[in-house]
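Read off the chains here:
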Amino acid sequence: MREPYCSYTPITEAEWSQFPSKSLLLSTNLELTKKEIAKFSIKDSINFEKYEIEMRKYVTAMNHLVDNRPPNFSNSKFSFRRITEFSPALKALTAIGTSMPGFQELLTKPAGKILDKWFESEPLKATLGTDAVIGAMQGPYSRGNGYVLLHHVMGGVEGKSGAWAYAEGGMGAVSESICSSALSLGVDVFTNMEVSQILYEKEGEDVRATGVVTISGEKIIGKKAVFSGTTPHVTFNQLLNMGQDSIIQDILGEDFIKEINSIDYTSPVTKINVGVDRIPNFRANPNSSDNKVEDWHKCSIHLNCETMEKLSSSYESCHRTNMPSERPMIEMVIPSSLDPTLTSKGCHVCLLFTQYTPYAPSVGSWSDPEFKEAYARKVFDVVEEYAPGFKASVIGKEVLSPWDLEQTFNLTGGNIFHGAMGLDQVYSLRPILTKRCHFPETPLLGLYLCGSGIHPGGGVMGVPGLTAAKAFINQ
């Protein structure tokens, strides 16, 4: 667990004179957070508690929707079971109660306007605002991103609402844990076997998914069902070849194919994984001793995020030119600050989540190593402003642009959420609104989507897979 603090926003030295404190720390402990905010604004410290209460009310409401499958709008027949499908929505409405106008405002207004209404301190607004734009090709004042602000504060760890934690051994440990659980139940797990095709066979007027073929030509037959955790684009266009296969085209229908092809996968994210030979030493909060891990090293560290103007400028720089931001927004985490198993003694892993970077820049290409190197230098220059000596400490790096994320992990457009998380692509609209099926079921019998491309979207929570498993069992 990241305690006592979870968020750290240092102020660049050039702007120390503009603020009453050199950094802002936030915590899952409300009193600690209020004390930190009060360094910038007493008024904001008081309002933050009210803001948290309001947001938690919305989160409680949304949890009813997140944990349950959206109603089946593809079926117009009345039944008692259909009434029960709307129960989660009714519970959500009840939880919101008289706060419905505020909830409507959150869903429809830009996050920036919502935060401007609540707070006056720029570091606080910008720090909270990063949750609204992280992973989205939007600025803090883009319309409709208030929901994304909410999406990123849902969930929790070990009973602490909104808390984040590091998995010991890295994120791969989560996959290993799931795999271990499956193996204990007698599941056969195949690794390093890329799938090239989903097999199917005609079943009267229907088509049923029957298994998969790997790129080596090996067939693996599914006795009852096939589950696809890839993006909808990969599932339907690559694995089912809906653009060429006439049988698949007939079963999906022209409207379904058109809607699948219109899903927005725009991503602004370039991840840079960095190995360093010492912990970063932030100018705003110098380390108390050489290479000592401090509380702020365990946080999400927000760089170039002191003001809403900086977030907006970073976005506009990319949006206006279709080129990487001149001064990227950076979110750094240092998991080795809590998990020494990741590196050798004294060394650390810094993971940089950077924005904004287009998938296909107007000039240059991510396939060009020098183009990627130039962007990495730009990011490191920003980090260096806050933590002098960072560039000299780098002993290795991996740059994963949107193009690289697609090439390496088959994430369409490099989108880590398997599709943008705007209001037009959430709940019953995720991945698309259609009468052909009730997702996670698909128009092919026995084929289910179980990745983040379906409701409720991205996040380390496993709900899409759980929803798909429940749908299969109910069938």
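Scroll up for the structure.
Let us look at the structure shown here. (Residues numbered from 1 in each chain as written. Predicted model: local features only at pLDDT ≥ 70, side-chain atom pairs only at ≥ 80, totals over all residues. Heavy atoms only, no water.)

### Points about the sheet that holds strand β5 (residues 195-203)
At step 1: Overall, antiparallel pairing links the three strands, which are arranged β5-β6-β7 in an open sheet. Of all strands in the sheet, those bounded by a partner on one side alone are β5 and β7 (219-221). Strand-to-strand twist in this sheet, taken as the mean axis angle between neighbours without regard to direction, amounts to 35 degrees.
At step 2: Strand direction decides the pairing type here: β5 and strand β6 (residues 206-214), joined by eight bridges, are antiparallel. Of the residues in β6, the one forming a bridge with E201 is R208. (Pairing = 2+ DSSP bridges. Helix = DSSP H or I, 4+ residues; strand = E, 2+ residues; numbered from the N terminus. Axes fitted to C-alpha atoms, helices over the stretch in contact; angles between N-to-C directions.)

### Quick notes on unusual backbone geometry
At step 1: Omega for the bond connecting R430 with P431 falls within 30 degrees of zero, at 0 degrees, which places this linkage in the cis form.
At step 2: Mapped onto the fold, P431 is located in the loop between α16 (402-409) and β14 (447-449).
At step 3: For the bond running from H455 to P456, omega is 5 degrees, close enough to zero to count as cis.
At step 4: Its place among the elements puts P456 in the loop between β14 and α17 (463-474).
At step 5: With a phi close to 60 degrees, N291 is a non-glycine residue in the positive phi region.

### Focus: the pattern of salt bridges
A side chain with one charge may pair with a side chain of the opposite charge, provided their charged atoms come close.
At step 1: Enumeration over the complete set of coordinates arrives at 18 salt bridges.
At step 2: For E36, the salt bridge identified is with K39, shortest N-O distance 2.9 Å.
At step 3: As a salt-bridge pair, E370 and R377 come within 3.0 Å of each other at their nearest N and O atoms.
At step 4: By sharing partners, the salt bridges in this structure join E15, E306 and K310 into a single network. (Salt bridge = Lys/Arg side-chain N within 4 Å of Asp/Glu carboxyl O.)

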